[in-house]
Structure formats: C-alpha cells, structure tokens
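Chain and residue survey
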Amino acid sequence: MKKACSAAIKAVSFIAVFLFLFIHLSYCKRGNLSYTRKNVSGYYALRRKSLDVVFIGTSGTFSSFIPMQAWNDYGFASYNFCVNMMGANTIPYAVTEALKSQKPKLLVIDIYPFITREMIGNLGDNYTRYNTDGFKYSLNRFLLIKNEVMQAEDLTESSLSYFFDIIKWHTNDLTAGNFFCKMPNVDRGYNAMVWGKVDRPGKTDEVKPLPSQLEDCLTKLLNKCATLNVPVLFVYYPFADTYKYPDALANANYIGTRVQEAGFDFKNFCAEWEEFGLDVSRDYWDPAHFNIYGAEKVTARVSTWLTKAYILPDHRGEKSYRDWEADYDKWKINETDYKADIDSRIRNNER
C-alpha cells in the first residue's frame, strides 16, 4: 500500500512539474506579437487591485491614451489592456482576463472593433493570435479559442497550435524574462505610432444598426457587463477614418443608443473632435491611430472629462505607488525618444 501511495505521489509530482515547466516555457517561447505580448505581460506584472481605470480595446486604443501622462497630471492609475487587433467577439474574454487581477473604479471599452467589423477568427492566424497568445493559459483562454477561434473558416494553423501555442513558437529563442508572463511595462500599455496625414472626420445624426453578427456580439458584451460589479463606460475616440468606414459615425450613434438603453455610460469623443485641438497634418499616424502628439491631446481631454464624470483617486505621494513615481521618470525618457522620432519624420516627410 505504501509503495502504491509513493508511486502515485511521484506520478502526480512529475505531472505537476511537467505542466508547470510546459506552461512557463511556452510563455518564454512566445513571439513578440507586435505590441501585444508587451502590453498583456505588463498588465500581469502590476500589483493586484492597484488600477483605478482599465482601458479595453485595440491598437487605436493603445495609441490614444497615455496612462503615465494621466498619472502625472491627475494621479489616477490606469492601463491600456489592449492587443493589436481585438475582435468584437473577443472583448468579453478580455474583460474577464483584465478583471482577474484588478478591480478598477472604472472599466472603459472602446467600440472601435464594432466600427471596423473586426471578428477574430475570420481575420487569419496572425490577427487571431494577437487575442490568444498574449494571455496566460487559463479556462478563459481555452473558452476564447473554443468558442470564437475554432468557429472560423479561414484559419490555416492546426487547432492544437492555438490551444498550445508552443507548437507555433517552439523555434523561437527563449525570453527568460517572460517565464511567468510578467514583464513590467513602463508605458503602461501605451504604444507610440509614427506619422501621417489624414482628413478630419465629419458629423452625422444618422443612426445605422450593426450587421447581425456584430449585433449578436454587442448583445453578448452588454450581457457580460451586466454581470460585473464595476462601472463600465463605452467610448469612441476622435478617430478620423470616416472615409474608410462610411457608416462609422452612424454605427457609433447606434451603439451609443444600445449601450445607454442597457444602463451603461457612453461617450462619443469623435462628436467633439474640434474641442481636442487635433492637427490632421501632425497628430495622427493614420486615420485610426494617433502619434504621441495626438495622444497627448486626447489624453489631456479624456482625463479631464473622466475626473469630472467619475470619482477617481489621486495616488501621487502615496507609499504604495512609489513605483509609478519611479516609472514616470523612465516614461519621460521614452516620451523624448518618441517625439524625436516623429519630429525627424515630419522634417524628412517620412511616413
């Protein structure tokens, strides 16, 4: 009997050690996935329940808001929990993942994926992996892949490589710092874009419903938010891409109506475009992304509005937020580099 128990203990221990190493070596092997791995692993590295505002969204979102600027000016702690191309159908899973370790005073969800008709699983392997291969192994990640990715028709990778991404990334060099999928991110999820010229957006009072598949996604998201014990704000940033998506503003009006009918707040910053003081010849990278000069203007106005509309604490000077004070100094170095790059590109007309 003792021998059987000892053998069982050894077997269980072996399996536990194997799974631990398999999972964490998988994290070490993962590709950069553009900005995604940096953003998500940086979020996991934060102290639990330390954030006041969590922004959920896509690449346009992480180019719009600068958490460190908001910290310096107002003292609230925020983070862009964003991937390079988040699908409308994966936002509920991102919400679940974000709230595992944080209990913010406010959750802000960017509606942009609904405007662009982005449905992960239907956009090919690379875009899909932005939404899956940054997350830790968990039931939430499993359900995301099972419910959304495996329903797609145009994926070329094997199913197993989504569930066990080391199959995809096994030839990569080891990134030892990502062993626990926790790599501190001084920029707090902000990512600097480069430079380009765009056209200013228009305005409309027209309301246009979403296509049926996106309508279902919005309903699921609203139902998800109804289960949360966190205030939720839906936003549309002052992007300039109405020429590319002619129904963008009308769809945003429709989403705003749906959101408010469901009992949540909605803010259409695009409708206030003139008040941001944005320069279409200098402040954007493309119609759906800002460079740092545009992001500074967006952050200033959005932060001012948030602190008036919601009760957000000022943590400046608090002992438990000394790491934010230290990281702000590092952020200023990054900010200088980002601006120098934009200035050089503008001088050389290099986009």
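All of these numbers come straight from a predicted model, not from anything done at the bench. (Residues numbered from 1 in each chain as written. Predicted model: local features only at pLDDT ≥ 70, side-chain atom pairs only at ≥ 80, totals over all residues. Heavy atoms only, no water.)

Of all eleven residues in helix α5 (residues 91-101), eight are buried; the element is thus mostly enclosed. Among the residues of α5, Ile91, Pro92, Tyr93, Ala94, Val95, Glu97, Ala98 and Ser101 are the ones counted as buried. (Buried < 20%, exposed > 50% of the residue type's maximum accessible area, 1.4 Å probe, protein only. Helix = DSSP H or I, 4+ residues; strand = E, 2+ residues; numbered from the N terminus.)

Let's shift gears to the pairing of strand β4 (residues 232-236). Residues in a regular strand point their side chains to alternate faces of the sheet. The element β4 is largely enclosed, with a buried count of five among its five residues. Strand direction decides the pairing type here: strand β3 (residues 106-110) and β4, joined by four bridges, are parallel. The residue bridging Leu107 from the neighbouring strand is Val232, located in β4. (Pairing = 2+ DSSP bridges.)

What follows covers the sheet that holds strand β1 (residues 53-57). Spatially, β2-β1-β3-β4-β5 is the arrangement adopted by the five strands of the open sheet, whose pairing is parallel. Taken across any chain shown, the strands that pair with only one partner, and hence form the sheet edges, are β2 (78-82) and β5 (265-268). On average, each strand axis in the sheet is inclined to that of its neighbour by 20°, with strand direction left out of account. Bridge count between β1 and β2: five bridges; the pairing is parallel. Looking at β2, one finds that Val53 is bridged to Ser78. (Axes fitted to C-alpha atoms, helices over the stretch in contact; angles between N-to-C directions.)

As a further point, take the pattern of salt bridges. Applying the stated rule across the entire model yields 24 salt bridges. Two residues, Lys105 and Asp52, come together in a salt bridge whose shortest N-O distance is 3.7 Å. Of this pair, Lys105 sits in the loop between α5 and β3 while Asp52 sits in the loop between α2 (36-44) and β1, and the two are 53 residues apart along the sequence. Classification of Lys105 as partly exposed rests on a relative accessible area of 42%. Judged by its relative accessible area of 1%, Asp52 falls in the buried class. Residue Asp327 is joined to Lys330 by a salt bridge in which the shortest nitrogen-to-oxygen separation is 3.7 Å. Here Asp327 and its partner Lys330 are both found in helix α14 (residues 322-347), three residues apart, which amounts to about one turn of the helix. You can call Asp327 buried: its relative accessible area is 13%. Residues joined by salt bridges that share partners form a network here, namely Arg30, Arg129, Asp133, Arg141 and Asp165. (Salt bridge = Lys/Arg side-chain N within 4 Å of Asp/Glu carboxyl O.)

With that settled, consider the packing of helix α4 (residues 67-74) against helix α13 (residues 292-309). The contact between α4 and α13 brings their axes to 10 Å, and the two run at 50°. Here α13 runs oblique to α4, going by the angle between their axes. Note on packing geometry: the crossing formed by α4 with α13 is right-handed. Between α4 and α13, the contacting residues are Gln69, Ala70 and Tyr74 on the first element and Ala295, Glu296, Thr299, Ala300, Ser303, Thr304 and Thr307 on the second. (Parallel < 35°, antiparallel > 145°, perpendicular 65-115°, else oblique. Left-handed = near helix turned anticlockwise from the far one by under 90°. Contact = heavy atoms within 4.5 Å.)

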